[in-house]
Amino acid sequence: MRQVAIIGSGPAGYYSAEALQKLFGDEIRIDMIDRMPVPYGLIRFGVAPDHQSIKAVYRRYEKVALSGNVRFVGNLTVGGDVSVAELAGLYDAVILATGAPQDRPLDLPGSDLPGVVGSAAFVGWYNGHPDFAALEPPLDAPAAAVIGNGNVALDVARILAKSRSEFAGSDIVGHALEALERSAIRTIHILGRRGPHQIAMTPKELGELGHLEDAVPHAEAADFPAEAEDAALEPGVRKSVAHLRAFTALDQGEKRKRLIFDFFAKPLRIEGEGRAERLIVERTRLDEGLRAVGTGETYAVPCGLVVSCIGYQTPRIEGVPYETDRGRFANEEGRIGDGLYCVGWARRGPSGTIGTNRPDGYEVADKIAADVGAGAGKPGWAGLEPLLKARSADIVTFRDWQRIEAAETARARDGSPREKFVAIEEMLRARGE
Ligand code: NAP
């Protein structure tokens, strides 16, 4: 019998479990450990609450979770309650599927001012992540600046732009819904340090901005190269650029909010008296390698909130080698060392869609088949359980999660799938209800 521990119950973790089940059938036991008392990682805490069709993939993970040879062990921190070295002693293989839930630091003068937040924090706030539920981002100034030209920047800008009625059917948490309804923000700048051809935003997500109830997107025609140059773009980017070109000609009409694409805009510093009041930006041009080069021309973007959406990194775990520049575990095609593997963003860095994690799962399953054989007789859960008991760890089972889930469903707003608990204690209490 092979004993495998997977750390992290987001998409990368569940695709790995699914692949291991397919490959080994009944000849494997999988314990899936998560530091949160609730499963699904990025699906619950990262994917935007108004993108329920993307979140629906959790049903597939639930099927894996409910099969006889997979155990959910929630509310247990690897690198805290138990070490990777201890798990490596108890399991034939340990797979790190810990994602990349930390912000890459913005590292600009003024980035420590109140009102400057990273996307992990801001997204965590509106998605009810216990670490960020108390964030209270300032929404009292008329403008906000969103730094970055990827899909996370689009998520953040869209959430800031939507009216309350547009959150119908979403599972945005109550505290965020109420705060956003009171928001004074009318202008949302989306800043890219390069141009429209260099965006990392996908067409569907960009197209959504053109159909908002009370907001209109705007891009400056002068920022675009000649239209004929679009033909050389990769098809997805070409479609996105077509949306952006359409945004140059939209009429504001009666709508109260504007989403302004500021291209060739490199943030230099954030200024303000005791809080963010303006972002100082340098105009850029592209060099031959399509890198942004400052032109020396600067201007100020007034804003009371700055959200930096410039990418994520994997948190370090003691004893696991790490590549600082890429923000992920040091690995060779998913192999970190003897019996230690990584998948998903912890392996590749934070890029790609949810589905990109699936092949990682199959690859790691093949590697484990080659490395581990029929298993070395390690104890797995039979060894971990007494260790956790001795440490009085308060773990959450999948059955417990189902009770938490039922309680979240029961207290949902009309039309919403759930009202999430946002504090760990609340989640733990809901197990017993
Ligand atoms: P991303 O796609 O890598 O975009 C990061 C953006 O930040 C880029 O535009 C980058 O510009 C910019 N940037 C990086 N460092 C910067 C700096 N120091 N100053 C200014 N700008 C900087 O990352 P992401 O938006 O965090 O998304 C992560 C992954 O999740 C992506 O694969 C994304 O597609 C995916 N995602 C998908 C969805 C969806 O499908 N609905 C939603 C959210 C996220 P440069 O190009 O100039 O480096």
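About the criteria used
Residues numbered from 1 in each chain as written. Predicted model: local features only at pLDDT ≥ 70, side-chain atom pairs only at ≥ 80, totals over all residues. Heavy atoms only, no water. Helix = DSSP H or I, 4+ residues; strand = E, 2+ residues; numbered from the N terminus. Rg over C-alpha atoms; globule rule 2.2 N^0.38 Å. Buried < 20%, exposed > 50% of the residue type's maximum accessible area, 1.4 Å probe, protein only. Contact = heavy atoms within 4.5 Å. Areas by Shrake-Rupley, 256 points an atom, 1.4 Å probe, with all protein chains shown as cover. Polar contact = N/O pair within 3.5 Å; in protein donor to acceptor, adjacent residues only side chain to side chain. Arc of directions from axis to C-beta. Pairing = 2+ DSSP bridges. Axes fitted to C-alpha atoms, helices over the stretch in contact; angles between N-to-C directions. Expected span 1.5 Å × (residues − 1). Near = heavy atom within 4 Å. Nonpolar A, V, L, I, M, F, W, Y, C, P; charged D, E, K, R; others polar. Domains from an automatic or database assignment. Disulfide = S-S within 2.5 Å. Buried area = accessible area lost by both parts, 1.4 Å probe. Salt bridge = Lys/Arg side-chain N within 4 Å of Asp/Glu carboxyl O.

*Asks:* Teacher, can you tell me more about the overall build of the chain here?
*Replies:* A count of helical and extended segments in the chain gives 15 helices and 19 strands. At 23 Å, the chain has a C-alpha radius of gyration in line with the 22 Å of a compact globule built from 433 residues. When the backbone C-alpha atoms are referred to their principal axes, the chain occupies close to 65 × 50 × 40 Å. Residues classed as buried in the chain amount to 54% of the 433 residues present. Sequence separation of 24 or more characterises 74% of the internal contacts of the chain that already satisfy a separation of 6 or more. When the accessible surface of the chain is summed, it comes to about 18400 Å², and 51% of that surface belongs to carbon and sulfur atoms.

*Asks:* When you look at the side chain of Thr314 in this model, what are you seeing that I'm missing?
*Replies:* In this structure, Thr314 sits in the loop between β15 (312-313) and β16 (322-323). At 2.8 Å, the side chain of Thr314 and the backbone oxygen of Gly99 are in polar contact. Setting aside its immediate chain neighbours within four residues, Thr314 contacts Thr98, Gly99, Ala100, Gln102, Tyr322, Gly327, Arg328, Phe329, Trp345 and Ala346.

*Asks:* Whenever I open this one, helix α4 (residues 58-65) confuses me. Can you help?
*Replies:* What sets the pattern is the α-helix's 3.6 residues per turn: residues three or four places apart point alike. Among the residues of α4, those classed as buried are Tyr58, Tyr61, Glu62, Val64 and Ala65. One face of α4 carries all of its buried residues, which in axial projection span an arc of 160°. Against α1 (11-24), α2 (42-45), α3 (52-55), β3 (70-73) and α14 (398-410) lie the buried residues of α4.

*Asks:* Is there a simple way to explain the sheet that holds strand β12 (residues 278-286) in this structure?
*Replies:* Note on sheets: strands pair through backbone hydrogen bonds, and any given pair is parallel or antiparallel. In spatial order, the strands read β11-β12-β13; together these three strands make up an open sheet with antiparallel pairing. Both edges of this open sheet fall to β11 (265-271) and β13 (292-302), since each of them pairs with a single strand only. On average, adjacent strands in this sheet sit at an angle of 25° to one another, irrespective of strand direction. Across eight bridges, the pairing between β12 and β13 is antiparallel. Following the sheet pairing, Val281 is matched in β13 by Tyr299.

*Asks:* Please explain helix α12 (residues 357-372) as it appears in this structure.
*Replies:* The first and last C-alpha atoms of α12 sit 22 Å apart over 16 residues, in line with the 22 Å expected at 1.5 Å per residue. On its buried face, α12 sits against β1 (2-7), α1, β4 (93-96), β18 (335-337), β19 (340-342) and α11 (345-348). Of the residues flanking the end of α12, it is Gly373, one or two places downstream, whose phi is positive at about 60°.

*Asks:* Sorry if this is basic, but what is going on with the sheet that holds strand β9 (residues 215-219) here?
*Replies:* Pairing is parallel across the open sheet formed by six strands, whose spatial order is β6-β14-β7-β8-β10-β9. The open sheet is flanked by β6 (116-118) and β9, the only strands paired with a single partner. Each adjacent strand pair in this sheet contributes to an overall mean axis angle of 20°, direction not counted. The pairing of β9 with strand β10 (residues 257-262) spans five bridges and is classified as parallel. Following the sheet pairing, Ala219 is matched in β10 by Phe261. Strand contacts of helix α6 (residues 119-126): β6 and β14 (305-308), with the helix running at about 80° to β6, the strand carrying the most contacts.

*Asks:* It is not clear to me how the site of the ligand should be interpreted in this structure. Could you clarify?
*Replies:* For the ligand, the set of nearby residues contains 21 residues, the closest of which are Asn149, Asn151, Arg193, Arg194 and Gly352. Between Val152 and the ligand, the recorded distance is 3.1 Å, taken from a backbone N or O atom to an oxygen atom. Between the ligand and the protein, one listed contact pairs an oxygen atom with a side-chain N or O atom of Arg194 at 2.8 Å. With the chains in place, 78% of the 920 Å² that the ligand exposes on its own is no longer accessible. Ranked by the residues each element gives to the shell around the ligand, the list is headed by helix α7 (residues 151-161), at three residues. Looking at the shell around the ligand, its residues break down into nine nonpolar, seven polar and five charged. Shared between two domains, the shell around the ligand holds at least three residues of each, these being domain 1 (2-101 + 312-396) and domain 2 (105-308).

*Asks:* Is there a simple way to explain the state of the cysteines in this structure?
*Replies:* Here a disulfide denotes one covalent bond, and it connects the sulfur atoms of two cysteines. All told, the structure shown has zero disulfides when counted by the stated rule. Here Cys303 is not disulfide-linked; the sulfur of Cys309 is the nearest cysteine sulfur, at 13 Å. Residue Cys303 is classed as buried on the basis of its relative accessible area of 3%.

*Asks:* Where do I start with the domain arrangement of the chain in this structure?
*Replies:* It is common to give the size of an interface as the accessible area lost on bringing the parts into contact. Once the domains are mapped, the chain shows domain 1 (2-101 + 312-396) and domain 2 (105-308). One C-alpha centre belongs to domain 1, the other to domain 2; they are set 33 Å apart. Listed as interface residues are 15 residues of domain 1 and, on the opposing side, 22 residues of domain 2. Both sides of the domain 1 and domain 2 interface together cover about 1400 Å² of buried area, and 52% of this is carbon and sulfur. In this structure, Asp131 and Arg35 form a salt bridge, with 2.7 Å as the shortest nitrogen-oxygen distance. Elements with a minimum of two residues in the side of domain 1 that touches domain 2: α2, α3 and β15. A per-class count over the side of domain 1 that touches domain 2 returns seven nonpolar, four polar and four charged.

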